[in-house]
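The residues making up each chain are set out below.
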Amino acid sequence: MHKTSGCAALASAEPLAGTAPVAASWLCVEQPGPWGADALVDSHLDPGIGAQLVRRAKEAGHRVVLIRRPGRHPDMHRPRPRRVYLASTRPDAMWLFKHTVDRPEDLLELDLTRPFGQSVAEPLLLVCTNGKRDRCCALLGRPIAAELATEYGESVWESTHTGGHRFAPAMVALPTGFVHGRLDVSQARDLLKATAAGEMVVQGCRGRATWSPIGQAAELAVRSAIGEVTANSLTVAAESADAVTVEHVDGRRWRVRMAVTELPAWPNSCGKMATAGSSFSCLGVEPASS
């Protein structure tokens, strides 16, 4: 892995739990060529189409990202089919669908309120590589995406910003929605294999994007306490400012006591000023009555 003195190195002591972006569903649109810092409106995708996609995805409750094949990124501006993926990460409705459009304008004809195209059995691993947004993502993400793509083909894609530059290489596993940071190639390979088996990996996990930050941290605390790795075994049932209730599909419940821990100041992104932050700490995992 490349060495970096950027935000990923400066924030290397920040705890991972509870830092995943919050998104219960993801819209992934293939767009080859270079990406700017705000890629949906700063790439070779028509900015008007990009802006409408952002608006329509937000209305439908999706987080939208651009994706491209790992490696060199020439875009000859010639019409070509492009893949579109829609994923739902909720334990009670987890799915991944794929569709192909012939023209960018066809993206605006898609009904984003329901699955479209064909169901996909293999997982997707999105690796953030948007160097114009943050150089750590490019330096640390691209080598991993390139190596894994030679083994797993279209299960691995480069992605625009997924949240959390300082945790680069930043990755999202779909359709489970578990978000990871600071993984090397071997660990990312294990993550892909686990996702294909309907499981998750605790190592490097920032949380399941399906939940709020405190819910993400609480679910990971329960998983660590009981050794549970099945992706859809746990649900965040209720939460307050200092406690979260987590339920297992077998009926077990836990009350997870949480606290906010203040963190030292470090930059959230390369070139940004250092700012103080906070994280969620688990004070205890206790069985709860049904």
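None of these values were measured; they are calculated from a predicted model. (Residues numbered from 1 in each chain as written. Predicted model: local features only at pLDDT ≥ 70, side-chain atom pairs only at ≥ 80, totals over all residues. Heavy atoms only, no water.)

A. Here's a closer look at the nonpolar core. If you look at the biggest cluster of nonpolar residues, it comprises 18 residues, and the most contacted ones within it are Leu 27, Val 84 and Leu 107. Sorting the residues of this core by element identifies strand E1 (25-30), helix H2 (47-60), strand E2 (63-68) and strand E3 (82-90) as the ones contributing at least two each. Examining the composition of this core, we find that three residues originate from one element, H2, more than from any other. Beyond its immediate stretch of four places on either side in the chain, Val 84 contacts Leu 27, Cys 28, Val 29, Phe 97, Lys 98, His 99, Val 101, Leu 107, Leu 110 and Phe 116. (Core = buried A, V, L, I, M, F, W, Y, C linked by side-chain atoms within 4.5 Å. Buried < 20%, exposed > 50% of the residue type's maximum accessible area, 1.4 Å probe, protein only. Helix = DSSP H or I, 4+ residues; strand = E, 2+ residues; numbered from the N terminus. Contact = heavy atoms within 4.5 Å.)

B. Structural view of the layout of surface pockets. Of the pockets and cavities examined, the largest pocket occupies roughly 290 Å³. Taken together, 16 residues line the largest pocket, and the ones lying closest to its centre are Asp 38, Leu 40, Val 54, Val 64 and His 161. Residue assignment for the lining of the largest pocket shows that the elements contributing at least two residues are H2 and E2. (1 Å grid on protein atoms, 1.4 Å probe; cavity = no way out; pocket = protein on both sides within 12 Å on 5 of 7 lines; lining within 4 Å. Points joined across faces, edges and corners; volume = space filled by probe spheres on them.)

C. Geometry of the side chain of His 62. Here His 62 is to be found in the loop between H2 and E2. A polar side-chain atom of His 62 sits 2.6 Å from the main-chain carbonyl oxygen of Leu 112. Apart from the residues lying within four places of it in its own chain, the contact partners of His 62 are Ser 25, Leu 27, Ala 57, Leu 86 and Leu 112. (Polar contact = N/O pair within 3.5 Å; in protein donor to acceptor, adjacent residues only side chain to side chain.)

D. Layout of the environment of Asp 42. Here Asp 42 is to be found in the loop between E1 and H2. Contact partners of Asp 42, with chain neighbours within four places excluded, come to Trp 35, Gly 36 and Ala 37.

E. How the structure looks around the packing of aromatic side chains. Scanning the entire structure with this criterion turns up two aromatic pairs. When the centroid spacing of 5.9 Å and the interplanar angle of 70° are considered together, the rings of Tyr 85 and Trp 157 count as edge-to-face. With Tyr 85 in strand E3 and Trp 157 in strand E7 (residues 156-159), this pair connects stretches of sequence that are 72 residues apart. A relative accessible area of 2% places Tyr 85 in the buried class. (Phe/Tyr/Trp six-rings, centres within 6.5 Å; stacked < 30°, edge-to-face > 60°.)

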